Amino acid sequence: MNRRTGAVALAAAAMSLSACGAAITLPAIPTASVATSAPSAGSTPAASPTPSAAATTTDGSMRQGLPDEVVDRLTLSRVFLEVAGVQGLHYRLSPRVVAVGNTTDTVLTTLVETANDSIPRIESLTGEHAKDKYLILAAANDSTAQKWTGDSNVADADGITMPYGKAAWIVIPTGHRFSDGGRVIDDDDYFRHVMDHEVFHADTLPVGFDDPSVPEWMVEGYAEWAANQEVSTGPEKEPPARLPSDTEVVNDTDDGYFRAGMFVQYVADRFGTSKALAYYRAMLVATHGSIAEEFHRATGADFTTTVAAWQHQFHEQFESFDPDWQWVSD
Ligand SMILES: [Zn+2]
């Protein structure tokens with residue numbers, strides 16, 4: 001995927017937006033490595049290996065070792081050992097963010113500042129205030145990103161949210177260079193969109209979320225819709241007017257993420273944000289009814305008819321959509 005953007009010429013992201021994926025297919029990390037090797041997870045960090053032993057200070061602005069607050073947040077998310085095993089860790093803190101990574105202080109500062117902007121924006125939209133600070137891991141290379149996500153396929157990811165442990169964490173592959181040579185953090189507008197997308201996942205997905213009966217268009221479409229509120233992104237070429245299948249979202253086929261986001265935008269425009277979010281929330285409850293039943297319960301409308309109506313106006317919706325950040329599909 002090639003892209004162009006009006007204001008910023010930096011080569012940020014040849015990656016597909018599928019990169020934004022919530023890693024809902026990766027239950028391995030929380031149950032396997034961390035739970036078995038870190039019996040203290042969720043309880044007292046005192047039983048864990050000495051945290052400071054794992055952290056190296058390479059920057060004068062960083063204190064030796066990881067402070068208790070950082071260790072506590074890592075433990076809450078059950079990624080403590082995965083993170084502690086990586087050399088050259090730095091961290092940055094803000095009132096809402098714990099950022100840790102094997103990267104520079106400058107990169108971590110970019111993450112924290114972007115997240116500081118995203119969090120109130122997204123929480124204002126969702127009405128859900130996270131009680132714990134958001135944990136954002138900056139992976140300086142693909143192997144680190146894999147370690148922190150349990151995902152063997154992070155090469156095209158510009159952000160991954162893991163809704164595990166007792167609080168989600170977000171992994172940003174800050175060192176990965178996409179096919180056009182750029183990193184996800186190189187384009188402020190695009191990165192703002194990515195952070196909003198991931199914060200929406202982290203803010204709204206239930207802990208341990210792994211429900212295949214919730215369609216991918218919903219998980220990713222709502223995150224895209226939320227992210228589009230601040231920096232809207234879209235393709236130059238009009239994609240087919242079809243609600244994407246799970247596979248089309250996972251592979252971002254024919255701009256699957258974008259189409260999913262456009263459908264959610266339609267639902268929100270037509271029925272209101274509150275009903276659109278009520279539908280999303282209802283589907284995230286384990287005992288949810290069918291897609292159509294919950295849609296009718298939340299909006300009073302018929303799902304199939306609504307999808308058809310969205311398709312009917314998609315061309316017009318696309319024509320009137322004026323993205324801040326645009327790409328050219330292959
Ligand atoms: Zn996503």
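Residues numbered from 1 in each chain as written. Predicted model: local features only at pLDDT ≥ 70, side-chain atom pairs only at ≥ 80, totals over all residues.

- The protein chain is annotated in an unreviewed UniProt entry as Peptidase from Branchiibius cervicis.

1. A look at the overall build of the protein chain
Link 1 in the chain: If you tally the helices and strands in the protein chain, you get 12 helices and eight strands.
Link 2 in the chain: Here the contacts in the protein chain between residues at least 6 apart in sequence split such that 71% fall between residues at least 24 apart. (Helix = DSSP H or I, 4+ residues; strand = E, 2+ residues; numbered from the N terminus. Contact = placed C-beta atoms within 7 Å.)

2. Examining the confidence of the model for the protein chain
Link 1 in the chain: The predicted model of the protein chain averages 83 in pLDDT, with 79% of residues at 70 or higher.
Link 2 in the chain: Low confidence marks residues 1–19, where pLDDT is under 50. Its contacts with residues over four positions away, or in another chain, come to 62 contacts.
Link 3 in the chain: Throughout residues 21–64 the model reports pLDDT below 50, and contacts reaching past four residues in sequence, or to other chains, amount to 84 contacts. (pLDDT = per-residue confidence, 0-100.)

3. Regarding the packing of helix α10 (residues 273–284) against helix α11 (residues 291–299)
Link 1 in the chain: Where α10 contacts α11, the two axes come as close as 9 Å, and the packing angle between them is 145 degrees. Crossing geometry of α10 relative to α11 is assigned as right-handed. Contacts from Lys275, Ala278, Tyr279, Ala282 and Met283 of α10 reach α11 at Glu294, Phe295, Arg297, Ala298 and Thr299.
Link 2 in the chain: Considered class by class, the residues forming the contact of α10 with α11 number six nonpolar, one polar and three charged. (Axes fitted to C-alpha atoms, helices over the stretch in contact; angles between N-to-C directions. Left-handed = near helix turned anticlockwise from the far one by under 90°. Nonpolar A, V, L, I, M, F, W, Y, C, P; charged D, E, K, R; others polar.)

4. A look at the sheet that holds strand β3 (residues 97–101)
Link 1 in the chain: Taken in spatial order, the five strands of this open sheet run β2-β3-β4-β6-β5, and their pairing is mixed. The open sheet has two edge strands with one neighbour each: β2 (90–93) and β5 (160–162). Sheet twist, expressed as the mean angle between neighbouring strand axes with direction ignored, is 20 degrees.
Link 2 in the chain: Pairing between β2 and β3: four bridges, direction antiparallel. Paired with His90 across the strands is Gly101, a residue of β3.
Link 3 in the chain: Those strands touched by helix α2 (residues 68–76) are β2, β3 and β4 (134–138), and its axis lies near 85 degrees from that of β3. (Pairing = 2+ DSSP bridges.)

5. Notes on the environment of Lys131
Link 1 in the chain: As for its placement among the helices and strands, Lys131 is situated in the loop between α4 (105–126) and β4.
Link 2 in the chain: Overall, Lys131 belongs to the exposed group, with 6 C-beta atoms counted inside 10 Å.
Link 3 in the chain: Lys131 sits 35 residues away from Arg96 along the chain, and the two C-alpha atoms are 9.3 Å apart. (Buried ≥ 20, exposed ≤ 12 C-beta atoms within 10 Å, placed from the backbone.)

6. Quick word on the pairing of β3
Link 1 in the chain: Of all five residues in β3, five are buried, a share of seventy percent or more.
Link 2 in the chain: Linking β2 back to β3 in an antiparallel pair, the connection comprises three residues.
Link 3 in the chain: Pairing of β3 with β4 involves five bridges; the strand directions are parallel. Paired with Val97 across the strands is Tyr134, a residue of β4.
Link 4 in the chain: Handedness of the crossover joining β3 and β4 through α4: left-handed. (Right-handed = clockwise from strand over helix to strand, strands pointing away.)

7. Here we look at the nonpolar core
Link 1 in the chain: Of all hydrophobic cores here, the largest spans 79 residues; its most connected members are Val83, Ala99, Ile136, Leu137 and Val171.
Link 2 in the chain: A total of eight residues in this core trace back to one element, the largest contributor, which is helix α9 (residues 256–271).
Link 3 in the chain: Viewed by domain, this core spans two of them, domain 1 (1–210) and domain 2 (211–330), each represented by three or more residues.
Link 4 in the chain: With residues near it in sequence (within four places) discarded, Val171 still touches Leu137, Ala139, Ala145, Trp148, Thr149, Ile160 and Met162. (Core = buried A, V, L, I, M, F, W, Y, C linked by C-beta atoms within 7 Å. Domains from an automatic or database assignment.)

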